[in-house]
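Each chain, letter by letter, is given below.
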Amino acid sequence: MPILSSILLLGSAVVGSYAAPADDSALAKNSVVERSVPPGGGYNGGYYYTYWTAGQGTIDYENYDVGGYSINWSGVADFTAGKGWMPGSDRTINYSGTFTPTAGNALLSVYGWTINPLIEYYITDSYATDPSTDASAGFTYKGSVDSDGGTYKIYTAPRENAGSIIGTANFTQYWSIRTTPRVGGTITTSNHFNSWASLGMNLGTFDASSYCYQILSTEGLWQSSGSSALTVW
Ligand SMILES: *[C@@H]1O[C@H](CO)[C@@H](O)[C@H](O)[C@H]1NC(C)=O
Ligand SMILES: *[C@@H]1O[C@H](CO)[C@@H](O)[C@H](O)[C@H]1NC(C)=O
Ligand SMILES: *[C@@H]1O[C@H](CO)[C@@H](O)[C@H](O)[C@H]1NC(C)=O
């Protein structure tokens, strides 16, 4: 299993500049319940939130009402956190907010898992550096899909002895990476899932008992720093 280290919990109520959809008017801070059991997370505002970190650096994560959250992070080798649903499905996801990487790399994605087969999937709308350019990560280009006003390049990547929802495992990542990064809009997951399937990239089961969550994820990697304030619905 990945190392689930503590997230710094905030004591003071701060809202700051925060973009929210019209139906998400109450932006009071909610308390964050720290959980030390896999996969780390819980329910807030009717949405599932979860986090994972490789343990380095600082990560301040705070839930806002309904589907909102804010993260400030600094000097992080790798973390992912965010809010969405558990289990995942082929839902149409809308989101808005801000995403500001300042060092290293960071990704803004619909991110989740299936089992049988165990798949870690990303539909990545924004990034500091396109993660497929990391030669050591072993991305294989499969094709592309046009969806929600953009073009996404589709890749697979192997993960060996890596942390997963079922513990350390070997598995495949599926990726859709938007060629023109954006922050905010609609992600029609079925367009990606169908394109992946047509390329032989079949997802497994969205299994709740295995924590097959599906979140709007902020991920920081490569000694990452930055901030995000996002709402998903
Ligand atoms: C992140 O920083 C912004 C700006 O200082 C602040 O408004 C927000 O509450 C912070 N969020 C967290 C989770 O620390
Ligand atoms: C999501 O966004 C799309 C495109 O703007 C819109 O048609 C749809 O009604 C939105 N769905 C929800 C639940 O807000
Ligand atoms: C992953 O694959 C490698 C190479 O085949 C193997 O040595 C290792 O035991 C596998 N790891 C797991 C967790 O199954």
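Residues numbered from 1 in each chain as written. Chains lettered and ligands numbered in written order. Predicted model: local features only at pLDDT ≥ 70, side-chain atom pairs only at ≥ 80, totals over all residues. Heavy atoms only, no water.

A. How the structure looks around the site of ligand 3. As a structural note, the neighbourhood of ligand 3 is formed by Glu-160, Asn-161, Thr-168, Ala-169 and Asn-170. Asn-170 is positioned such that a nitrogen or oxygen atom in its side chain is 2.3 Å from an oxygen atom of ligand 3. Coverage of ligand 3 by the protein amounts to 39% of the 360 Å² it exposes when considered alone. Of all the elements in the fold, those that place two or more residues in the shell around ligand 3 are strand E8 (150-162) and strand E9 (169-178). Broken down by class, the residue content of the shell around ligand 3 amounts to one nonpolar, three polar and one charged. (Near = heavy atom within 4 Å. Polar contact = N/O pair within 3.5 Å; in protein donor to acceptor, adjacent residues only side chain to side chain. Areas by Shrake-Rupley, 256 points an atom, 1.4 Å probe, with all protein chains shown as cover. Helix = DSSP H or I, 4+ residues; strand = E, 2+ residues; numbered from the N terminus. Nonpolar A, V, L, I, M, F, W, Y, C, P; charged D, E, K, R; others polar.)

B. Local environment of the packing of aromatic side chains. Under the definition given, this model contains 20 aromatic pairs. For the ring pair Phe-139 and Tyr-155, a centre distance of 5.5 Å and an interplane angle of 85° mean the geometry is edge-to-face. With a gap of 16 residues between them, Phe-139 in the loop between strand E6 (119-127) and strand E7 (140-147) and Tyr-155 in strand E8 connect regions that are remote in the sequence. You can call Tyr-155 buried: its relative accessible area is 10%. One aromatic cluster is present, built from ring pairs that chain together Tyr-43, Tyr-48, Tyr-111, Trp-113, Tyr-122, Phe-139, Tyr-141, Tyr-155, Phe-171, Trp-175 and Tyr-213. (Phe/Tyr/Trp six-rings, centres within 6.5 Å; stacked < 30°, edge-to-face > 60°. Buried < 20%, exposed > 50% of the residue type's maximum accessible area, 1.4 Å probe, protein only.)

C. View of the pattern of salt bridges. Evaluated as defined, the whole model comprises one salt bridge. A salt bridge links Arg-182 to Asp-125, with the nearest nitrogen and oxygen atoms 2.8 Å apart. With Arg-182 in the loop between E9 and strand E10 (185-188) and Asp-125 in strand E6, this residue pair connects regions lying 57 residues apart in the sequence. Using a relative accessible area of 16% as the deciding quantity, one classes Arg-182 as buried. (Salt bridge = Lys/Arg side-chain N within 4 Å of Asp/Glu carboxyl O.)

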